[in-house]
Amino acid sequence: MKDDRLHRFYTAWWREPMHWIFLAFFQPRRFARELETRYPRRREWFTLLLRLALPMFLLSLPLAIGGRAILLALHLVSPDIFDFLFNVVVGVAVGVAVGVAGGVAFGLAGGVAVGVAGGIFSIIGIFRLSFYPFVSLSLFRKYMSISG
């Protein structure tokens, strides 16, 4: 009995969503045909995309860490470990949230693709760009106060 519940949980929250992510990337027409006919209403899309959120996050996270590590090796980002992990996790979470919202607004296949790709690419630089003007301004003020 317990093994059956574990198998159903595994199938519902990991195996099926990973299959859907595969279909969304490599067979988007089949994905749209199968899931949009199975879940015709947008409210059902939202619950489906919420089931996909955790697998999208867990799939995007190692890829985003790899991309961020490449930027770290090129000395393009801060070597602080907290900054590194915080930006990766928040960037991936924002990308997945945008993917869920985009999936409800524009269709399931687009939402899954935006969720995974947005989670990966948001940490590679776009997420940090908004902070650079403030950092530059504070460094400039500090330089001016030191130099007289």
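Not measured: the values here are computed from a predicted model.

(A) A look at the overall build of the protein chain. The helix and strand tally for the protein chain stands at six helices and zero strands. Its helices and strands in sequence order give the protein chain the pattern α-α-α-α-α-α, from N to C terminus. In the protein chain, buried positions account for 33% of the 148 residues. Partitioning the contacts of the protein chain with sequence separation of at least 6, the portion at a separation of at least 24 is 70%.

(B) Representation of the packing of aromatic side chains. Summed over all chains, the structure comprises two aromatic pairs. Between the aromatic rings of Phe82 and Phe86, the centroid separation amounts to 5.8 Å while the plane-to-plane angle is 20°, which identifies the pairing as stacked. Of this pair, Phe82 and Phe86 both sit in helix 4 (residues 81-106), four residues apart, roughly one helical turn. On the basis of relative accessibility, which here comes to 59%, the residue Phe82 falls in the exposed class.

(C) Focus on a nonpolar patch on the surface. There is a patch of nonpolar side chains on the surface, built from Ile65, Ile81, Phe82, Leu85 and Phe86 and spanning about 500 Å² of accessible area. Here the nonpolar patch gets four residues from one element, more than from any other, and that element is helix 4. Its location among the elements puts Ile65 in helix 3 (residues 42-73).

(D) Spotlight on the pattern of salt bridges. In this structure the tally under the stated criterion is four salt bridges. In this structure, Glu16 and Arg51 form a salt bridge, with 2.7 Å as the shortest nitrogen-oxygen distance. Taken together, the residues Glu16 in helix 1 (residues 2-26) and Arg51 in helix 3 connect sequence positions 35 residues apart. With a relative accessible area of 27%, Glu16 lands in the partly exposed category. Here Arg30 ties to Glu34 by a salt bridge, and the two come within 2.8 Å at their closest N and O atoms. With a gap of four residues between them, Arg30 and Glu34 both fall in helix 2 (residues 28-38), about one helical turn apart. A relative accessible area of 32% places Arg30 in the partly exposed class. Members of the salt-bridge network, linked through shared partners, are Glu16, Arg38 and Arg51.

Reading the values: rules and limits
- Residues numbered from 1 in each chain as written.
- Predicted model: local features only at pLDDT ≥ 70, side-chain atom pairs only at ≥ 80, totals over all residues.
- Heavy atoms only, no water.
- Helix = DSSP H or I, 4+ residues; strand = E, 2+ residues; numbered from the N terminus.
- Buried < 20%, exposed > 50% of the residue type's maximum accessible area, 1.4 Å probe, protein only.
- Contact = heavy atoms within 4.5 Å.
- Phe/Tyr/Trp six-rings, centres within 6.5 Å; stacked < 30°, edge-to-face > 60°.
- Patch = residues over 30% accessible without salt bridge, like charges linked within 9 Å, V, L, I, M, F, W, Y side chains within 5 Å.
- Areas by Shrake-Rupley, 256 points an atom, 1.4 Å probe, with all protein chains shown as cover.
- Salt bridge = Lys/Arg side-chain N within 4 Å of Asp/Glu carboxyl O.

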